[in-house]
Amino acid sequence: MPEPTATSSSPPPVLVVGGAGYIGAHCCRLLAASGFRPVVYDNLTTGHADFVRWGPLIEGDIRDRAAAARALRDSGAEAVIHFAASAEVGESMIDPHKYYDNNVAGTLSLLGAMRDEGVNTIVFSSTCSLYGNAGGAPISEATPPAPVNPYGRTKWMIEQILSDFSQAHGFSAIALRYFNACGADLDGRIGEWHEPETHLIPRAMLALLGHVSDFTIFGNDYDTPDGTAIRDYIHVDDLARAHLSALRRLRGGHKGGAFNLGTGHGYSVRQVVEAIEAETGRRLPGITGPRRPGDPAVLIADAALARAELGFSPECSDLNTIIRTAWRWHLRHHGDIGGN
Ligand code: UDP
């Protein structure tokens, strides 16, 4: 089946659920530039209305099936890209109910709304967290999921639900398993903005700008060359491109599946810290604390499947571009109130 052609007079509407968040907003920007009409559906608990700049915002919760169905109907959406989720590993350990409710029950409700409205194409935001402690080698999709925290478990459950819906209800679904999302759009208008912020690169930058006083490297006793944990950092614009490819593939008749998104190259926490210091010309305090519970030593993607089937090829995920764009965003958005 050929992919329907987008024309300037009728850009196909796509409901971007959670589109007011970090990755969702970057995706909306790319969708709008690529001939689609992103309509954001978001409850704004962690998203930002200010990030909704490339199409309308419908405020609503995924757990409200009737409201989600109305949003699908009113927008005329023929596909959904689903980012809405609670996404903090640590919080999921102490408040699992929130995660099963928002992520699993919420997605089930959204899928019900899609069935109500006859929309069966979905790109879903998944995570490498579902692999758990998979060892140090690059992880391919052949690695059996074995999540070690409620957050990862919710994402794995949703992937299984999507697979069942594909079998039973003819859904076309692609799950994208991100490794470490980072960076900001190249012109600095949108970027990583979580409250509270828990991620390495933004926390280090907030410390340099004077907004965080307790920046710590979590663990220097891992079995890695410098003792700090290794992650595969992937620029948010490369993630956005992967969503666009996934959407296009599904519209073109792709059968769906799950795909890793990473570069295949890992950096240690210390290497990231040093790169931030080199880019900014500032020094971080260099405090090392205990490991953060639940953090594996090494997570690196084998993204060969995404390359082969989605044409995925990172364009801006070199560490310099990641850090340069993130720094520009943090400087502009948070401002320098006197850090290191
Ligand atoms: N990390 C750190 N200090 C921080 C935040 C994170 O040392 O303030 C480490 C964390 O333990 C992990 C890596 O940086 O090894 C990446 O963590 P992040 O929270 O950015 O992403 P995650 O890998 O947990 O998805």
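Up top is the structure these notes are about.
Everything numeric in this text was worked out from a predicted model, so none of it was measured.

Calculation criteria
- Residues numbered from 1 in each chain as written.
- Predicted model: local features only at pLDDT ≥ 70, side-chain atom pairs only at ≥ 80, totals over all residues.
- Heavy atoms only, no water.
- Pairing = 2+ DSSP bridges.
- Helix = DSSP H or I, 4+ residues; strand = E, 2+ residues; numbered from the N terminus.
- Axes fitted to C-alpha atoms, helices over the stretch in contact; angles between N-to-C directions.
- Contact = heavy atoms within 4.5 Å.
- Near = heavy atom within 4 Å.
- Polar contact = N/O pair within 3.5 Å; in protein donor to acceptor, adjacent residues only side chain to side chain.
- Areas by Shrake-Rupley, 256 points an atom, 1.4 Å probe, with all protein chains shown as cover.
- Nonpolar A, V, L, I, M, F, W, Y, C, P; charged D, E, K, R; others polar.

**Q** Break down the sheet that holds strand β6 (residues 172–178) for me, citing the residues and quoting the values.
**A** Sheet strands pair via backbone hydrogen bonds, and the direction of the pair is either parallel or antiparallel. Strands sit in the order β3-β2-β1-β4-β5-β6-β11 across an open sheet of 7 strands; the sheet is parallel. One side of each edge strand has no neighbouring strand; the edge strands of this open sheet are β3 (57–59) and β11 (257–261). The mean inter-strand angle of the sheet, taken between neighbouring strand axes irrespective of direction, is 20 degrees. Where β6 lies against β11, 5 bridges are found, and the strand directions are parallel. Each residue of the ladder has a partner; that of Leu-176, found in β11, is Phe-259. Sitting on the sheet, helix α4 (residues 96–117) is in contact with β1 (13–17), β4 (79–82) and β5 (121–127), with an inclination near 170 degrees to β4. On top of the sheet, helix α7 (residues 236–251) reaches β1, β4, β5, β6 and β11; it is set at about 165 degrees to β6, its chief contact.

**Q** Outline the sheet that holds strand β9 (residues 230–231), listing residues and values.
**A** On the basis of which strands lie adjacent, the open sheet formed by 3 strands has the order β12-β9-β14 and mixed pairing. The open sheet terminates on both sides in strands that have one partner only, identified here as β12 (267–268) and β14 (298–299). The pairing of β9 with β12 spans 2 bridges and is classified as antiparallel. Counterpart to Arg-231 in the pairing with β12 is Tyr-267.

**Q** A description of the site of the ligand should follow, citing residues and the corresponding values.
**A** The immediate surroundings of the ligand are formed by 15 residues, with Leu-200, Thr-216, Phe-218, Arg-292 and Asp-295 found nearest. Within the side chain of Arg-231, an N or O atom sits 2.8 Å from an oxygen atom of the ligand. Here an oxygen atom of the ligand sits 2.8 Å away from a polar atom, N or O, in the side chain of Arg-292. Within the complex, the protein chains bury 89% of what would otherwise be the 510 Å² of accessible surface of the ligand. Of all the secondary-structure elements, those providing two or more residues to the shell around the ligand are α6 (200–208) and β8 (217–218). Here the residues of the shell around the ligand are counted per class, giving 7 nonpolar, 4 polar and 4 charged.

These results come straight from atomic positions and should not be treated as a statement about function.
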